[in-house]
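# Inside the fold
Next come the chains, spelled out residue by residue.
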Amino acid sequence: MNHVADVMEMLQDKHGDELDEKTLITIEAQVKAIAEELSQQSRDSLLDVQAIKGKPAPFMHK
């Protein structure tokens, strides 16, 4: 989620004085939701590939 902080920093640098705090909070929540969805899609894709190969995903080992 470090990328979320980077995106928010870039947004504030470019438009910080144009956006109020409520808008920035809303944008941050949307960015976090998008990042989480992309992470989930990545995990799902990895699981699909591992299932095709017949091997458990690396993060499934514990």
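A brief structural summary. Fair warning: this is a prediction, and the values are worked out from it, not measured in the lab. (Residues numbered from 1 in each chain as written. Predicted model: local features only at pLDDT ≥ 70, side-chain atom pairs only at ≥ 80, totals over all residues. Heavy atoms only, no water.)

## Some words on the overall build of the protein chain
Helix and strand counts for the protein chain come out as two helices and zero strands. Out of the 62 residues in the protein chain, the part that is buried amounts to 11%. Total accessible area on the protein chain stands at roughly 5,300 Å², and carbon and sulfur atoms take up 56% of it. (Helix = DSSP H or I, 4+ residues; strand = E, 2+ residues; numbered from the N terminus. Buried < 20%, exposed > 50% of the residue type's maximum accessible area, 1.4 Å probe, protein only. Areas by Shrake-Rupley, 256 points an atom, 1.4 Å probe, with all protein chains shown as cover.)

## Re the nonpolar core
Counting five residues, the largest nonpolar core consists of Val4, Met8, Leu11, Leu24 and Val31. Here this core takes three residues from helix 1 (residues 2-15), the largest share from any one element. Residues within four places of methionine 8 in sequence aside, it is in contact with Leu24, Ile27 and Glu28. (Core = buried A, V, L, I, M, F, W, Y, C linked by side-chain atoms within 4.5 Å. Contact = heavy atoms within 4.5 Å.)

## A few points about the pattern of salt bridges
What the rule picks out here adds up to two salt bridges. The closest approach of N and O atoms between glutamate 28 and lysine 32, which form a salt bridge, is 3.7 Å. Highlighted residues: glutamate 28 and lysine 32, both in helix 2 (residues 21-53), separated by four residues, approximately one helical turn. Residue lysine 32 is classed as partly exposed on the basis of its relative accessible area, which comes to 40%. A salt bridge links arginine 43 to glutamate 36, with the nearest nitrogen and oxygen atoms 3.0 Å apart. Given a relative accessible area of 31%, arginine 43 falls into the partly exposed group. Take glutamate 36: its relative accessible area is 38%, and that puts it in the partly exposed class. (Salt bridge = Lys/Arg side-chain N within 4 Å of Asp/Glu carboxyl O.)

## Description of helix 1
With 14 residues, helix 1 should reach 20 Å at 1.5 Å per residue; the first-to-last C-alpha distance of 20 Å fits that figure. Every buried residue of helix 1 is listed here: Val4, Met8 and Leu11. Seen from one end, helix 1 has its buried residues packed into an arc of 60°, which puts them on one side. Away from its buried face by more than 90 degrees, helix 1 exposes Asn2, His3, Met10, Asp13 and Lys14. (Expected span 1.5 Å × (residues − 1). Arc of directions from axis to C-beta.)

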